Protein chains: 2
Amino acid sequence: MRIEIICTGDEVLTGKIVNTNFSYMSQKLEDAGLSVFWGTTVGDDRDSLLQAFRLAGERADAVIVNGGLGPTVDDLSQEVAAQAGGVDLVLDEEWLARMEAFFTRRSRVMPPNNRKQAMLPAGAEILDNPIGTACGFSMDIGKARFFFTPGVPRELRRMLEEQIIPRLLARSGAPTSIFLKRLHSYGLGESHVDTLLAGVEAMVPDGSVKLGFRAHYPQIETKLTARGTDMGDVRRKLAPVEAAVHERLGNFIVAEDDQTLEGVVLAALTGHQATLAVVETFTAGQIAARIAPLPGAEMIFRRGAVARDRAQLLAAVGRAGAAPDGEFTAEVAAAVAQAARSGADATHALAVLIDLDEGSDRIDLGGTIWVAIATTDDVVCRRARILGGREWIRLGAVELGLDCLRRYLQGLPVAERIDFEKV
Amino acid sequence: MRIEIICTGDEVLTGKIVNTNFSYMSQKLEDAGLSVFWGTTVGDDRDSLLQAFRLAGERADAVIVNGGLGPTVDDLSQEVAAQAGGVDLVLDEEWLARMEAFFTRRSRVMPPNNRKQAMLPAGAEILDNPIGTACGFSMDIGKARFFFTPGVPRELRRMLEEQIIPRLLARSGAPTSIFLKRLHSYGLGESHVDTLLAGVEAMVPDGSVKLGFRAHYPQIETKLTARGTDMGDVRRKLAPVEAAVHERLGNFIVAEDDQTLEGVVLAALTGHQATLAVVETFTAGQIAARIAPLPGAEMIFRRGAVARDRAQLLAAVGRAGAAPDGEFTAEVAAAVAQAARSGADATHALAVLIDLDEGSDRIDLGGTIWVAIATTDDVVCRRARILGGREWIRLGAVELGLDCLRRYLQGLPVAERIDFEKV
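Here the structure is a predicted model, which is why all the values come from computation and not from measurement.

## Some points on the overall build of chain A
Move 1: Secondary structure summary: chain A contains 13 helices and 17 strands in total.
Move 2: Across the 423 residues of chain A, 55% fall into the buried class.
Move 3: Sequence separation of at least 24 residues holds for 68% of the intrachain contacts in chain A that already meet a minimum separation of 6.
Move 4: About 17,000 Å² of surface is accessible on chain A, with carbon and sulfur atoms providing 50% of the total.
Move 5: Of note, chain A has its 46 positive side-chain charges centred 1 Å away from the centre of its 57 negative side-chain charges.

## Here's the deal with the relation of the copies chain A and chain B
Move 1: With an axial shift of 0.2 Å and an RMSD of 0.2 Å, the rotation relating chain A to chain B amounts to 180 degrees. Those values place the two copies in the arrangement expected of a two-fold rotation axis.

## What about the sheet that holds strand E8 (residues 144-149) of chain B?
Move 1: Here we have 12 strands laid out as an open sheet, ordered E6(A)-E7(A)-E8(A)-E3(A)-E1(A)-E2(A)-E2(B)-E1(B)-E3(B)-E8(B)-E7(B)-E6(B), and mixed in their pairing. Unpaired on one side and paired on the other, strand E6 (125-127) of chain A together with strand E6 (125-127) of chain B mark the two borders of the sheet. Sheet twist, expressed as the average angle between the axes of neighbouring strands with direction ignored, equals 20 degrees.
Move 2: When strand E1 (residues 3-8) of chain A meets strand E2 (residues 36-42) of chain A, the two strands line up parallel, connected through six bridges. Across the sheet, isoleucine 6 of chain A pairs through a bridge with threonine 40 of chain A, a residue of E2 of chain A.
Move 3: Its contacts with the sheet put helix H4 (residues 77-85) of chain A on E1, strand E3 (62-66), strand E7 (136-141) and strand E8 (144-149) of chain A, and the angle it makes with E7 of chain A is roughly 20 degrees.
Move 4: Its contacts with the sheet put helix H3 (residues 46-59) of chain B on E2 of chain A together with strand E1 (3-8), strand E2 (36-42), strand E3 (62-66), strand E7 (136-141) and E8 of chain B, and the angle it makes with E2 of chain B is roughly 170 degrees.

## Describing the packing of helix H2 (residues 20-31) of chain A against helix H6 (residues 153-172) of chain A
Residue and element names in this part refer to chain A.
Move 1: Two elements in contact, H2 and H6, have axes whose closest approach is 11 Å; the angle formed by their N-to-C orientations is 30 degrees. By the criterion of interaxial angle, the relationship of H2 to H6 is roughly parallel. The element H2 and its partner H6 pack so that their crossing is right-handed. Facing H2, whose interface residues are Asn21, Tyr24, Met25, Lys28 and Leu29, H6 presents Pro153, Leu156, Arg157, Leu160, Glu161, Ile165 and Leu168.
Move 2: Its residues assigned to classes, the contact of H2 with H6 shows eight nonpolar, one polar and three charged.

## Overview of the interface of chain A and chain B
Move 1: Facing 54 residues of chain A, the contacting portion of chain B comprises 55 residues.
Move 2: A buried area of about 4,400 Å², summed over both sides, lies between chain A and chain B, and 53% of it is on carbon and sulfur atoms.
Move 3: For chain A, the biggest contributors to the area lost against chain B are Trp38, Arg308 and Gln312 of chain A; these three give 15% of the whole.
Move 4: At the boundary of chain A with chain B, the tally comes to three salt bridges.

## Topic: the sheet that holds strand E9 (residues 177-186) of chain B
All names here are of chain B.
Move 1: The strand order across the open sheet built from four strands is E10-E11-E9-E12, with neighbouring strands paired in antiparallel fashion. With one partner strand each, in any of the chains shown, strand E10 (209-216) and strand E12 (253-256) form the two edges of the open sheet. Adjacent strand axes in the sheet meet at a mean angle of 25 degrees when their direction is disregarded.
Move 2: Where E10 lies against strand E11 (residues 219-228), eight bridges are found, and the strand directions are antiparallel. Counted as the bridge partner of histidine 216 is glutamine 219 from E11.
Move 3: Packed onto the sheet, helix H2 (residues 20-31) meets E9, E10 and E11 and runs at close to 50 degrees relative to E11.

## Remarks on unusual backbone geometry
Move 1: The residue after tyrosine 217 of chain A, namely proline 218 of chain A, is reached through a cis peptide bond having omega 0 degrees.
Move 2: Note on placement: proline 218 of chain A falls in the loop between strand E10 (209-216) and strand E11 (219-228).
Move 3: Although it is not a glycine, aspartate 257 of chain A sits at a positive phi angle of roughly 50 degrees.
Move 4: Positive phi outside glycine occurs at aspartate 345 of chain B, with the angle close to 55 degrees.
Move 5: Considering the arrangement of structural elements, one finds aspartate 345 of chain B in the loop between helix H12 (330-344) and strand E15 (348-356).
Move 6: In this structure aspartate 345 of chain B comes out as exposed when scored by relative accessible area, which is 57%.

## Quick notes on H2 of chain B
All names here are of chain B.
Move 1: Under the 1.5 Å per step criterion, the end-to-end length of H2 is 16 Å for 12 residues, consistent within 8% with the ideal 16 Å.
Move 2: Among the residues making up H2, those that are buried are Asn21, Phe22, Ser23, Tyr24, Met25, Ser26, Gln27, Leu29 and Asp31.
Move 3: Glycine 33, located one to two residues past H2, shows a positive phi value of around 80 degrees.

## Quick look at the pattern of salt bridges
All names here are of chain A.
Move 1: As enumerated under the stated definition, the model contains 58 salt bridges over all chains in all.
Move 2: For arginine 46, the salt bridge is made with glutamate 79, and the minimal N-O distance between the two is 2.0 Å. Remark: glutamate 79 occurs in helix H4 and arginine 46 occurs in helix H3 (residues 46-59); sequence separation between them is 33 residues.
Move 3: Overall, arginine 46 belongs to the partly exposed group, its relative accessible area being 40%.

## Description of the UniProt feature "domain: MoaB/Mog" (unreviewed entry) in chain A
Move 1: Under the feature "domain: MoaB/Mog" (unreviewed entry), the UniProt entry names residues 4-171 of chain A.
Move 2: Within residues 4-171 of chain A, the helical portion is 42% and the strand portion 23%, while the C-alpha atoms at the span's ends are 15 Å from each other.

## Considering the pairing of E11 of chain B
Residues and elements named next belong to chain B.
Move 1: The element E11 is largely enclosed, with a buried count of nine among its 10 residues.
Move 2: With 10 bridges connecting them, E9 and E11 associate as antiparallel partners. The partner of tyrosine 186 across the bridge, within E11, is glutamine 219.
Move 3: Linking E10 back to E11 in an antiparallel pair, the connection comprises two residues.

## Overview of the nonpolar core
The tendency in soluble globular proteins is for nonpolar side chains to be buried as a group.
Move 1: If you look at the biggest cluster of nonpolar residues, it comprises 68 residues, and the most contacted ones within it are Phe53, Phe146 and Phe148 of chain A together with Phe53, Phe146 and Phe148 of chain B.
Move 2: The contact partners of phenylalanine 53 of chain B, leaving out residues within four places of it in the chain, are Ile6, Val65, Ser77, Val80, Ala81, Ala84, Ile141, Phe146 and Phe148 of chain B.

## Examining the pairing of E2 of chain B
Move 1: Across the seven residues that make up E2 of chain B, a large majority, seven, are buried.
Move 2: Strand direction decides the pairing type here: E2 of chain A and E2 of chain B, joined by three bridges, are antiparallel. Among the inter-strand pairings, glycine 39 of chain A is bridged to a residue of E2 of chain B, identified as threonine 41 of chain B.

## Observations regarding a negative patch on the surface
All names here are of chain A.
Move 1: A contiguous patch of negative charge, built from Asp10, Asp45, Asp47 and Asp74, is present on the exposed surface.
Move 2: In this structure, aspartate 74 sits in the loop between E3 and H4.
Move 3: For aspartate 74, a relative accessible area of 37% gives the class partly exposed.

## What to know about the side chain of arginine 406 of chain A
Residues and elements named next belong to chain A.
Move 1: Along the chain, the position of arginine 406 falls in helix H13 (residues 390-409).
Move 2: For arginine 406, a relative accessible area of 1% gives the class buried.
Move 3: Leave out the neighbours within four places in its chain, and arginine 406 touches Asn251, Phe252, Ile253, Val254, Leu261, Val264, Val265 and Leu412.

Here is what the cut-offs are and how they apply
Residues numbered from 1 in each chain as written. Chains lettered and ligands numbered in written order. Predicted model: local features only at pLDDT ≥ 70, side-chain atom pairs only at ≥ 80, totals over all residues. Heavy atoms only, no water. Helix = DSSP H or I, 4+ residues; strand = E, 2+ residues; numbered from the N terminus. Buried < 20%, exposed > 50% of the residue type's maximum accessible area, 1.4 Å probe, protein only. Contact = heavy atoms within 4.5 Å. Areas by Shrake-Rupley, 256 points an atom, 1.4 Å probe, with all protein chains shown as cover. Lys, Arg positive; Asp, Glu negative; His and termini not counted. Charge placed at Lys NZ, Arg CZ, Asp CG, Glu CD. Least-squares fit on C-alpha atoms with pLDDT ≥ 70 in both. Pairing = 2+ DSSP bridges. Axes fitted to C-alpha atoms, helices over the stretch in contact; angles between N-to-C directions. Parallel < 35°, antiparallel > 145°, perpendicular 65-115°, else oblique. Left-handed = near helix turned anticlockwise from the far one by under 90°. Nonpolar A, V, L, I, M, F, W, Y, C, P; charged D, E, K, R; others polar. Buried area = accessible area lost by both parts, 1.4 Å probe. Salt bridge = Lys/Arg side-chain N within 4 Å of Asp/Glu carboxyl O. Expected span 1.5 Å × (residues − 1). UniProt positions renumbered as here; feature names shortened; annotations may be inferred. Core = buried A, V, L, I, M, F, W, Y, C linked by side-chain atoms within 4.5 Å. Patch = residues over 30% accessible without salt bridge, like charges linked within 9 Å, V, L, I, M, F, W, Y side chains within 5 Å.

Here it is, written out as structure tokens:
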């Protein structure tokens with residue numbers, strides 16, 4: 001099935017907003033085993049919209065149009081859709097009543113211009129929008145089925161997932177049940193993950209489990225899309241592949257599905273009835289900023305300290321004058337973590353100290369990262385070298401520090417070599 | 001002039017990467033007084049590319065194609081461009097020599113498949129790429145002038161600004177000199193800024209200064225695009241408008257052009273030969289993360305402390321047991337800032353303490369923010385209420401804290417009311 005996406009609106013066309021709706025839709029469709037072959041972006045302009053609808057109606061089987069369903073005069077989607085489909089615009093009494101109820105629930109009177117949102121091309125099928133006043137709808141233009149969606153991201157997301165993808169899957173004749181399993185790993189590069197997972201798709205010979213990746217440094221997301229006749233069938237097909245991915249990526253899997261690394265760390269701390277202190281140099285609060293604001297972190301995250309200067313760092317954890325100048329060492333990192341732990345009266349402390357190489361920022365600038373984790377009766381250290389410039393080193397060190405803590409709390413080796421470090 | 005942008009590549013089409021190149025190009029063109037009327041996205045597919053080039057060649061005057069100039073087999077732009085233009089692909093000896101020199105400078109031998117990057121459509125004009133091996137080029141297809149650009153963002157940016165925009169301006173017959181002045185403000189909403197600046201465009205009657213905005217909460221960027229016959233003419237036209245914007249937005253302007261709020265704060269601290277300590281609760285390190293990693297911050301940013309719990313917060317600044325439980329007050333914020341300053345032996349301290357309202361995260365969840373700035377002989381406080389959910393409050397508090405410090409260092413009123421706070 002040839003799917004086209006048409007994004008509308010002057011804000012998107014002029015670059016005022018980055019078009020994340022496009023990548024979101026495209027990815028969601030890929031996850032469902034569907035794929036987009038053409039994307040069009042036009043402004044709030046009658047001629048361009050008409051032209052875009054007509055071209056898409058000629059070359060695609062299904063078209064998703066995003067935006068232009070609002071109440072203002074520059075929202076033209078329904079009107080131009082009716083023109084392109086050769087039908088009239090008619091008032092949908094049911095949607096009008098829905099909108100009036102929507103405003104009543106919010107103790108407001110519906111402004112007159114919202115009435116426009118209930119004007120739909122004759123014969124269009126409504127696509128429900130339970131969280132907004134923009135009415136989605138579906139109709140034929142040319143040889144394609146068109147799906148009109150609101151520009152507001154959360155309204156679009158719900159409509160795409162609940163209303164449009166099931167209809168597209170039914171049209172494509174694909175099995176109706178689909179499930180996406182996501183595994184987030186840290187420490188392995190994309191090509192390494194790809195190599196490690198070679199052949200897992202073939203474990204299900206009918207091709208109903210598809211493997212995909214999404215790299216967002218420093219994590220890689222491994223996606224398994226499984227299709228089947230029903231969810232039991234899907235789970236049966238997915239199970240051996242998922243187990244194989246777990247086995248092959250092993251300790252490098254940091255989280256699954258909607259979990260985050262910091263969420264997993266917080267859950268592990270909570271499970272251990274632990275509390276945490278964090279000390280940072282060049283990561284400068286970014287580790288604290290990942291954990292401390294999470295719901296439930298109030299009682300777990302006790303204290304974070306940031307200092308760029310070595311003497312200040314030692315003073316911040318109450319060890320002023322404890323060590324001579326020079327580069328960090330395992331001993332200093334351990335002492336800093338231990339002092340931070342006892343100073344905050346926490347069960348655990350994480351220290352991530354960085355010696356940035358001299359010189360201006362450049363693609364091969366390096367940093368030496370010292371991670372130390374201290375508890376009342378234990379301290380472990382790990383050293384890593386990362387090259388790639390200031391921002392790259394900082395991002396890498398934040399992730400490395402959080403991942404070392406995850407490994408420690410999960411009883412895994414803390415110092416397993418990662419692809420991003422230079423030996 | 002009707003300009004179309006064609007973005008190519010499976011990664012963009014499938015949503016694997018968000019298409020920031022499109023919004024970047026579109027915005028840059030708008031800044032230069034040019035505008036895009038159509039956007040097309042296609043994958044690394046011969047038929048789609050050919051079709052996209054032909055359609056654009058019929059409807060546009062100028063077309064920018066992004067991506068597909070790399071050395072691998074799925075990079076098809078030159079080949080399909082030649083086909084669409086009805087010309088042969090020929091080896092450009094000059095670019096081949098440039099590439100070989102590029103590799104030689106990096107002590108590497110050019111891989112054979114890079115040779116493909118020097119194969120250009122016959123008669124094409126080269127668009128220089130001083131930082132990569134992908135050769136940009138320009139040629140006619142249909143009735144439009146096409147500009148082919150690399151997908152790597154920094155190579156694209158340089159080529160667009162240095163090579164393509166001047167050619168487009170020359171073709172459009174617009175005056176050749178153009179200048180974009182950007183003023184970043186914090187504390188005023190977009191519609192408020194719009195109202196305050198009503199009429200400034202009309203100060204230059206020939207319409208050669210254009211006003212635009214870009215909102216990225218919590219800052220607003222005000223853009224003045226001035227065109228003229230030469231840079232002297234441009235500056236003469238811009239000067240009165242720029243002065244008016246400065247006068248009307250006044251203390252709310254935090255930075256200009258490529259400056260950032262945190263950079264301005266660091267520069268002011270440096271100018272005062274000052275040093276800084278920071279204390280944060282719910283912003284959890286995000287204020288430190290904005291200042292501390294900046295080049296030059298090593299000697300200025302002395303120490304940051306994060307704690308979510310009130311007792312921990314006081315202990316972290318060496319004031320354990322200093323105040324009873326309860327909500328924060330101006331006195332507590334002042335005491336925390338003073339203690340942090342003296343503890344870190346800094347000249348200045350910034351404390352940003354937040355009482356988050358009870359309850360789960362929701363769009364109307366509020367927080368009370370206490371900002372305190374302490375020096376050796378002074379302390380100022382400011383309280384603000386912000387509604388909008390956890391993330392909104394955190395973002396707002398980070399900006400408010402940094403801006404209060406900027407105002408303090410610049411001798412401006414610290415507690416001027418902002419549009420985002422609830423009175």
